[in-house]
Protein chains: 4
Amino acid sequence: MLLRTLLPACMRGFCSPGTPRFMHKLASTKKPALDISGIYPPITTPFNDREQVDYAKLDENLQKYSSIPFRGIVVQGSNGEYTYLSKEERLEVVHRVRQKLPKEKILMAGSGCESTQATIEMSRQMAEAGAEAVLVVTPCYYRGRMTSAALVHHYTQVADSSPVPVILYSVPGNTALDLPLDAVVTLAEHPNIIGIKDSGGDITRMGLIIHKTQHLAFQVLSGSAGFLLPGYAIGAVGGVCALANILGTQLCELERLCVGGQWQEARKLQYRLIEPNAAVTRRFGIPGLKQAMEWFGYHGGNCRSPLLPLTEQEQKDLRKVFSSYGWL
Amino acid sequence: MLLRTLLPACMRGFCSPGTPRFMHKLASTKKPALDISGIYPPITTPFNDREQVDYAKLDENLQKYSSIPFRGIVVQGSNGEYTYLSKEERLEVVHRVRQKLPKEKILMAGSGCESTQATIEMSRQMAEAGAEAVLVVTPCYYRGRMTSAALVHHYTQVADSSPVPVILYSVPGNTALDLPLDAVVTLAEHPNIIGIKDSGGDITRMGLIIHKTQHLAFQVLSGSAGFLLPGYAIGAVGGVCALANILGTQLCELERLCVGGQWQEARKLQYRLIEPNAAVTRRFGIPGLKQAMEWFGYHGGNCRSPLLPLTEQEQKDLRKVFSSYGWL
Amino acid sequence: MLLRTLLPACMRGFCSPGTPRFMHKLASTKKPALDISGIYPPITTPFNDREQVDYAKLDENLQKYSSIPFRGIVVQGSNGEYTYLSKEERLEVVHRVRQKLPKEKILMAGSGCESTQATIEMSRQMAEAGAEAVLVVTPCYYRGRMTSAALVHHYTQVADSSPVPVILYSVPGNTALDLPLDAVVTLAEHPNIIGIKDSGGDITRMGLIIHKTQHLAFQVLSGSAGFLLPGYAIGAVGGVCALANILGTQLCELERLCVGGQWQEARKLQYRLIEPNAAVTRRFGIPGLKQAMEWFGYHGGNCRSPLLPLTEQEQKDLRKVFSSYGWL
Amino acid sequence: MLLRTLLPACMRGFCSPGTPRFMHKLASTKKPALDISGIYPPITTPFNDREQVDYAKLDENLQKYSSIPFRGIVVQGSNGEYTYLSKEERLEVVHRVRQKLPKEKILMAGSGCESTQATIEMSRQMAEAGAEAVLVVTPCYYRGRMTSAALVHHYTQVADSSPVPVILYSVPGNTALDLPLDAVVTLAEHPNIIGIKDSGGDITRMGLIIHKTQHLAFQVLSGSAGFLLPGYAIGAVGGVCALANILGTQLCELERLCVGGQWQEARKLQYRLIEPNAAVTRRFGIPGLKQAMEWFGYHGGNCRSPLLPLTEQEQKDLRKVFSSYGWL
């Protein structure tokens, strides 16, 4: 039912370094160069008391994630506080994660910058640092001029030069900009653009994207655990979910139930994840996510400023959400 | 899997006139007084050249709908142009539809007004005119003060006095107001409030409503054909869909596939309905819906002013949507 | 500097009953049929304990307003809870106010309904009930189709048949719809459309409307006390201000200072009105306005349901706003 | 009437290098360390064909601006495409502008970054590069958590360590975030935060900010030419206006008329600037601004990608706006 069953196993590693991998995606077969179906945690970046990246803690989190059947890891999605990292830090984190991550897992790295040129350069360097794919957020500061034409131009230039496949990333909650549907459909034709992480939560739009690109084997990932089941139901192939930083096993179980057609059981599990997910995303943001990670045995810690830690009351409210659903 | 299988058959007709039917819904069993699962067209109101209600055309439309396995008919949902009808016209249309509608079909009548008192009165009169249930839109003009408390108070008063079950109606596209989730959950406890038509399209919210009210057998209807499949997947029991005015048979088929667990086939059908649905709702509105009805053998005709008929170009664009998906 | 100085005195009373007054506005001179410059309270509607209109209290409020140099009174603007009144009540209130109002004061009556036909009829009946002008709010329920073309058509039909001048009314806070600038400019050419009450608060837009219609002597009224001074500065001729129900004398004083060019003093007064105004509009709505009226010696009382009275805490917060600025 | 008349002449140059200048703002007198009243063009950044900064063209633009009575120049406001510049480029441009700018003119440099630490560092370096003040945009990517508390913390840390005065910068059109009023009022108490550039266009809010901070001599600059007159009328002390890149002389003339109390003439000039201003900001963005600069004898040129140049039709439409108001 899902793309996964139609696609070859992950083709990671087939390409010689330096060669753009999209050349392996032949227009005739429309088979993607990289099967990205599955669940991904968009990992957070641990900091020490001086707000420096704490690589030891990062390693320990990765170690714990290694026993969960994730398809891979997203580094520097929005939850990675990438906008607070220097260019050097962004690359170093990717480099470090690739070293620690099991070979068969995909490392998807957020390489989006505001300018096209910077995004091109960052994508190349992230590929060099070991990313199997880059996740490219919509540039948004000049959103009044970020028309479909401008965004198609931007992504095409990035994809033309990226050594690894490009995954579009639309996250209106942060960018206040939805990558327009017509731009997505146009870009899906590019041989090096293989999918989209859609975090907007508009399930009708997701259905239309999947329908209009299905001849291209374009892969749609739900951008949040809140609509993972509906996403699978309408044809998405997986999810990049903040909640996977905490309840990764459960999200992989939800994936298994959906892919296996056990919808009734899937529904029961999905119900128990909606509010916890909302709590660590929309409601309490990354500070909430990092706080909850501590309770579940991971290293969370503080965010970089200006993101403030939760107040005591917020901590209580957050904890109550997880305990009321039986997760704590 | 769906509520339908857990519930008694429709209890319509069991109540003596004048007796509030909600008394038949016992708190202990939490079984609803009325099983509303299924597909409903929110019918349009045909007008003649002088903008008067054309009852003959209305009858003919109903006659055609009678062969489609709808669960019932919604009269004076948003697509019925109810805000353009006088109080007398609203009641007369309901009366007429009830006369023509087969007995086993549910007539759900939109009785919402801005004031609580007017809504109470309209609900009572619509029940007298033959409605099995009333669909009560959120009052919205003073939206800045339409807090959860105000809306809970409003709906409670309406439900307390309504002789027939009440169905909440949240349609932010028209009201610019979402009935808050906490208000929905509180109101679901009322014995005479049996469900909600949610037209906002936020599937995560729908999932949460269903989860938080499932011990009450509260029934959730998708308010648009665009997310009918995801709605069923997450636990909705049916849909009130503008598109059912045109492609009613297909929507009932989609219902059958979803309820029967044939998700792969359901998905194919759902895909073909998203854009046609968007065209007769968000994109071209009621003028688009009425125009398309003409092409499918129904009486559509013009709307009351200030709703303008489609321009020639809009007609072409609309037709193209239906033909490109093989419906025309 | 202001239109007032360029215009003839109010022409009210020059027209024989039944004759559309706009015929007196000659295209060649572009002089409006009615000089509406000045300050207006959009009066609230007092109700008794059974939510019935309390005409005796209404009379007493009017009696108190008669000593304030208002240009006139607005009946059934948004603050009049007109959406909660029956058609009969709307007309009866207008009739009553006209009887009590001094002859030289303008009665501007809100006659807007969702449908064009109902608005036409209501406008005619309000003129018969004694209104010198009608204030016509944008129809908004089907806002997706309320294009400039639809709104121009609507207002043109209304203005064509209205016996008294029409004033456009754009109040996006309630309607979630801004009457588009191009529609305003087009409609300003109609001989029977003499002005606009703009409550959106976009001072740039107000400036542009004034500029693009100044050859037509189209009159712009600020729709809130919060930007009354900037409105005068950019060329508005007055204001319809909820706050005038309470601090009418002060708003007329602010008018005097602005018209007289005493900007420094005007600014001091304007500053003291912004937060009290926000408190009885955006923040606490009509329940706040009615509560404050009680403190200032007017009859406020409760609103019709679903508008709830202020909570005790809200009352305290509201009172604090007025006392902190020295008004209580 | 305006702050300018109450304040000492610009105090620039009184401070020894390396000493935080805010120490010169004594709490007792509440006189700001820097009088920023006046008009500023937020200059664009010229690029050559390879998208590199073209310093020669930058010099020529500055040369032309030197004859206009601007109070100073803003470098790397939103119109400077600062989000597309590297850190090194940002500093180099500021350095270059300071070298070329007449000594008596203020150089206000945009130093905002997403993280507090990066903003602190950038502010320090911009001061070293010659900026008299830094303009700090609201961090916005995690806008759901950018509460008043977070933003007060952010700006306080930045202002504590900045060697030059800090000016707040709220530009919701780009950031989709309004710096909350209560945060502005709190931050105005900081001795090193001397003003705000408010580009939101909400004149009521501007009035309230001015009122609530007037005991602190906090200086408010209108962030757009569209509401420059209303801004002066309500107590703003100047403006940072994209349009000043083109019609600088006219904006300084408008300033002169407003400051001198010649409101009627001011109004006539303001009217002629609203649409041209909208055209080079909201409507056509920086590509429009740069295109128009070419017509007025400045170096505009292309933007960095993903900002596309205007289409031919857009160029025509833009030109028509300027010619219809007699500017071309």
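Right, let's walk through the structure included here. Remember, predicted model here, so these are calculated numbers, not experimental data.

### Points about the interface of chain A and chain D
Working step 1: Contacts between the two partners involve 37 residues from chain A and, on the opposite side, 37 residues from chain D.
Working step 2: A buried area of about 3,000 Å², summed over both sides, lies between chain A and chain D, and 55% of it is on carbon and sulfur atoms.
Working step 3: Counting every contact that joins chain A to chain D gives 2 salt bridges.
Working step 4: Put simply, A:Glu314 and D:Arg145 hold a salt bridge, and the shortest N to O gap is 3.3 Å.
Working step 5: At the boundary of chain A with chain D, the tally comes to 18 residue pairs in polar contact (both at pLDDT 80 or more).
Working step 6: Secondary-structure elements contributing two or more residues to the side of chain A that touches chain D are helix H5 (148–161), helix H6 (172–175) and helix H12 (285–295) of chain A.
Working step 7: A per-element tally of the side of chain A that touches chain D places H5(A) first, with 5 residues.
Working step 8: Split into classes, the residues belonging to the side of chain A that touches chain D amount to 19 nonpolar, 12 polar and 6 charged.

### Side note on helix H8 (residues 203–212) of chain B
Residues and elements named next belong to chain B.
Working step 1: In terms of burial, H8 is largely enclosed, as 9 of its 10 residues are buried.
Working step 2: For H8, the complete set of buried residues consists of Ile203, Thr204, Arg205, Met206, Gly207, Leu208, Ile209, Ile210 and His211.
Working step 3: For H8, the side-chain oxygen to backbone nitrogen distance between the N-cap and threonine 204 is 3.1 Å, and the N-cap itself is aspartate 202.

### Details of the sheet that holds strand E6 (residues 166–170) of chain C
Working step 1: Taken in spatial order, the 9 strands of this open sheet run E1-E9-E8-E7-E6-E5-E4-E3-E2 (chain C), and their pairing is parallel. Two strands bound the open sheet, and with one partner strand each, they are strand E1 (38–40) and strand E2 (42–43) of chain C.

### Concerning the relation of the copies chain C and chain D
Working step 1: In the superposition of chain C on chain D (RMSD 0.0 Å, axial shift 0.0 Å), the rotation amounts to 180°. Both copies of the chain, as the preceding transformation shows, are related through a two-fold rotation axis. The position closest to the rotation axis in chain C is occupied by the C-alpha of C:Pro230, lying 2.5 Å away.
Working step 2: Taken as a fraction of all interface residues of chain C, those also at the interface in chain D reach 100%, which identifies the copy contact as same-surface.

### Quick notes on the sheet that holds strand E4 (residues 106–110) of chain D
All names here are of chain D.
Working step 1: Across the sheet, 9 strands lie side by side as E1-E9-E8-E7-E6-E5-E4-E3-E2; this open sheet has parallel pairing. Taken across any chain shown, the strands that pair with only one partner, and hence form the sheet edges, are strand E1 (38–40) and strand E2 (42–43).
Working step 2: When strand E7 (residues 193–198) meets strand E8 (residues 219–222), the two strands line up parallel, connected through 4 bridges. If you follow glycine 195 over to E8, its bridge partner there is glutamine 219.

Conventions adopted
Residues numbered from 1 in each chain as written. Chains lettered and ligands numbered in written order. Predicted model: local features only at pLDDT ≥ 70, side-chain atom pairs only at ≥ 80, totals over all residues. Heavy atoms only, no water. Contact = heavy atoms within 4.5 Å. Buried area = accessible area lost by both parts, 1.4 Å probe. Salt bridge = Lys/Arg side-chain N within 4 Å of Asp/Glu carboxyl O. Polar contact = N/O pair within 3.5 Å; in protein donor to acceptor, adjacent residues only side chain to side chain. Helix = DSSP H or I, 4+ residues; strand = E, 2+ residues; numbered from the N terminus. Nonpolar A, V, L, I, M, F, W, Y, C, P; charged D, E, K, R; others polar. Buried < 20%, exposed > 50% of the residue type's maximum accessible area, 1.4 Å probe, protein only. Pairing = 2+ DSSP bridges. Least-squares fit on C-alpha atoms with pLDDT ≥ 70 in both.

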